[in-house]
Amino acid sequence: MCGTTLTAAPVPAVLLNSGATMPSVGLGTYEIPDAQAESVIRWAARIGYRLIDTAASYGNERGVGAGIRAADVPREDFFVVTKIRGRDHGYDATARALEASLDRLGLDYLDLFLIHWPLPRQDRYVDTWRAMAKLSANGLVKSIGVSNFTPAHLDRLEQETGIVPAVNQVQINPRLAQTAWREHAADRGIVLQSWGPLGHGGSLLQDPVVEGIADFHGKTAGQAVLRWHLDNGLVPIPKTKRPSRLAENLGVFDFHLTSDDHRELELLDGAQSAMDPDTYEEF
Ligand SMILES: NC(=O)c1ccc[n+]([C@@H]2O[C@H](COP(=O)([O-])OP(=O)(O)OC[C@H]3O[C@@H](n4cnc5c(N)ncnc54)[C@H](OP(=O)(O)O)[C@@H]3O)[C@@H](O)[C@H]2O)c1
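Each chain carries its own residue numbering, running from 1 in the written order of its sequence. Reporting of local features is limited, given that this is a predicted model, to residues whose pLDDT is at least 70; pairs of side-chain atoms are given and counted only at 80 or more, and all residues count toward the totals for whole chains, interfaces and linings. To get the side-chain values, take all heavy atoms of the structure and skip hydrogens and water.

A separate point is the packing of helix 4 (residues 125-137) against helix 5 (residues 151-161). Interhelical geometry of helix 4 versus helix 5 gives an angle of 60 degrees and a closest axis separation of 10 Å. Looking at the two axes, helix 4 sits oblique to helix 5. Relative to helix 5, helix 4 is oriented so that their crossing is right-handed. In this structure, helix 4 uses Tyr 125, Val 126, Trp 129 and Arg 130 to contact helix 5, whose residues at the interface are His 153, Arg 156, Leu 157, Glu 160 and Thr 161. Throughout this entry, Asp, Glu, Lys and Arg are counted as charged residues, while Ala, Val, Leu, Ile, Met, Phe, Trp, Tyr, Cys and Pro are counted as nonpolar. The remaining residues, Gly among them, count as polar. Residues belonging to the contact of helix 4 with helix 5 are distributed by class as follows: four nonpolar, two polar and three charged. For every element, the axis is a line fit to its C-alpha atoms; helices are fit only across the contacting stretch, and the angle between N-to-C directions ranges from 0 to 180 degrees. Starting at the N terminus, helices and strands are each numbered in turn, a helix being any DSSP run of H or I of at least four residues and a strand any DSSP run of E of at least two. By the definition adopted for this analysis, an angle is roughly parallel if under 35 degrees, roughly antiparallel if over 145, roughly perpendicular if from 65 to 115, and oblique otherwise. For a crossing to be left-handed, the near helix must be turned anticlockwise from the far one by less than a right angle; the clockwise case is right-handed. By definition in these notes, contact holds between two residues if any of their heavy atoms fall within 4.5 Å.

Right, dumping it as structure tokens:
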């Protein structure tokens, strides 16, 4: 993945409730193994990616961090996100988990630290959240947020701590539009990052509605779906290891979907079911 120097147009940013700005498209790294992550991140940085999403549970923070450090982009221009896994929930464990993630990444601060899953049956996410707020006050993380939190989990965080997450990273795509969650987040100024934004690259991208909209705009199905996220104020973090798709997934800032496109895509909602954050557990 090397070649001539590329000049990338900056990805537009969104403002978070912490005052920080976050790129409006990022790179997901789930299932990019440690050994490949460095070269993928370096290439992604060259073509304009600045928001990089990883997690302790992906087992690739070392490779991701190596790519960030080796990239021809200053650290402060990146927006680095990682997540705390279930086994590290709890007030004291949270600080240790952050230290371990920073150590693996080889970085001295994070742009965004997320609680990966709420694990409500363990009932430690409020304590975890309090610890994250303290880490944020100490400057080790610039913004704090959550992932896979339902409106009820978010309400409890706010009621018990008074601190509203900057970001909630949730599974969203046109077949799983999560309208109620989006309205709840918008009311509270929480930015939603969409995971699985392309439906994991499966049949969503072969859907005739999606293909028709993509053809109309002279774009690929992936680009049409990513534009749906952007038009809805969502921040997609598509994952790919392939250089051609890395570029394709950033080629979404020169068009908009029409209101007819949006009406057609709304009809796809409900065709995919979500993982249930009230019962799903991983440690
Ligand atoms: N918070 C959470 O609980 C959670 C859960 C899951 C994921 N995530 C995050 O969200 C990121 C994205 O989600 P995801 O990886 O599950 O799914 P995704 O981004 O919707 O889809 C990734 C799949 O689509 C393919 N792909 C990428 N760009 C494409 C394009 N333009 N056209 C056709 N296929 C394309 C990729 O294959 P190739 O690599 O072969 O191109 C890969 O198989 C993850 O990597 C991770 O960072 C978070």
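It is worth spelling out the pattern of salt bridges at this point. Put simply, a salt bridge is a Lys or Arg side-chain nitrogen that is within 4 Å of an Asp or Glu carboxyl oxygen. As enumerated under the stated definition, the model contains 14 salt bridges in all. Among the charged side chains, a salt-bridge network with shared partners connects Asp 123, Arg 156 and Glu 160.

As a matter of local geometry, the ligand sits amid 28 residues, with Asp 53, Ser 147, Leu 198, Thr 240 and Arg 245 nearest to it. In protein, a polar contact means a hydrogen-donor-capable atom and an acceptor-capable atom, both N or O and within 3.5 Å, with residues adjacent in sequence counting only if both atoms are side-chain atoms; elsewhere, any N or O pair within 3.5 Å suffices. Gly 196 places a polar main-chain atom, nitrogen or oxygen, 3.0 Å from an oxygen atom of the ligand. Reported accessibility uses the Shrake-Rupley method at a 1.4 Å probe radius. Residues are deemed covered only where the shown protein chains occlude them. Here the ligand, which alone exposes 910 Å², has 88% of that area covered by the protein. Looking at which element gives the most residues to the shell around the ligand, the answer is helix 9 (residues 243-250), with three residues. Class assignment of the residues belonging to the shell around the ligand gives a composition of nine nonpolar, twelve polar and seven charged. Note on terminology: near, applied to a residue and a molecule or strand, indicates that one of the residue's heavy atoms is within 4 Å of it.

This part is about the nonpolar core. By size, the foremost hydrophobic cluster in this structure holds 67 residues, and its most contacted members are Leu 27, Tyr 49, Phe 78, Leu 110, Phe 113 and Leu 246. Top element by residues in this core is helix 1 (residues 34-47). It accounts for seven residues. In contact with Leu 246, other than residues within four places in its own chain, are Leu 27, Val 40, Trp 43, Ala 44, Ile 47, Tyr 49 and Thr 240. Buried residues of nine kinds, namely Ala, Val, Leu, Ile, Met, Phe, Trp, Tyr and Cys, make up a nonpolar core once their side-chain atoms join them within 4.5 Å. Buried, partly exposed and exposed residues are distinguished by accessible area as a fraction of the type maximum, computed with a 1.4 Å probe on protein chains only: under 20%, between the cut-offs, and over 50%, respectively. Core analysis: the next-biggest nonpolar cluster, separate from the first, contains 15 residues, Phe 79, Leu 119, Trp 195 and Val 235 among them.

With that settled, the discussion passes to the packing of aromatic side chains. Think of it this way: a Phe, Tyr or Trp ring, Trp meaning its six-membered ring, pairs with another when their centres are within 6.5 Å, and the plane angle makes it stacked under 30 degrees, edge-to-face over 60, tilted otherwise. Tallying each qualifying case throughout the model produces three aromatic pairs. Centroid distance Tyr 30 to Tyr 58: 5.1 Å. Interplanar angle 55 degrees. Geometry classified as tilted. Here Tyr 58 lies in the loop between strand 4 (51-53) and helix 2 (61-70) and Tyr 30 lies in the loop between strand 3 (26-28) and helix 1, a separation of 28 residues in the sequence. For Tyr 30, a relative accessible area of 48% gives the class partly exposed.

Let's shift gears to the sheet that holds strand 10 (residues 235-236). Strand order in the open sheet made by the eight strands is 3-4-5-6-7-8-9-10, with parallel pairing throughout. Of all the strands in the sheet, the pair left with one neighbour each is strand 3 and strand 10. Any two strands with at least two DSSP bridges between them are considered paired. By the bridge criterion, four bridges tie strand 5 (residues 79-84) to strand 6 (residues 110-115) in an arrangement that is parallel. Residue Val 81 lies in a different strand from strand 6, and its bridge partner there is Leu 112.

Turning our eyes to something else, we now look at the confidence of the model for the protein. Note on scores: pLDDT gives the predictor's confidence for each residue, bounded by 0 and 100. On average, residues of the protein score 96 in pLDDT, and 97% of them are at 70 or above. Long-range and interchain partners of residues 1-5, a stretch whose pLDDT sits below 50, account for twelve contacts in this model, where long-range means more than four residues apart.

The next subject is the packing of helix 2 against helix 3 (residues 91-105). Two numbers describe how helix 2 lies on helix 3: the axes approach to 7 Å, and their chain directions differ by 55 degrees. When the axes of helix 2 and helix 3 are compared, the pair comes out oblique. Note on element contacts: helix 3 touches helix 2 through Ser 101, Arg 104 and Leu 105, opposite Glu 61, Arg 62, Val 64, Gly 65, Ala 66 and Arg 69. When its residues are assigned to classes, the contact of helix 2 with helix 3 shows three nonpolar, two polar and four charged.

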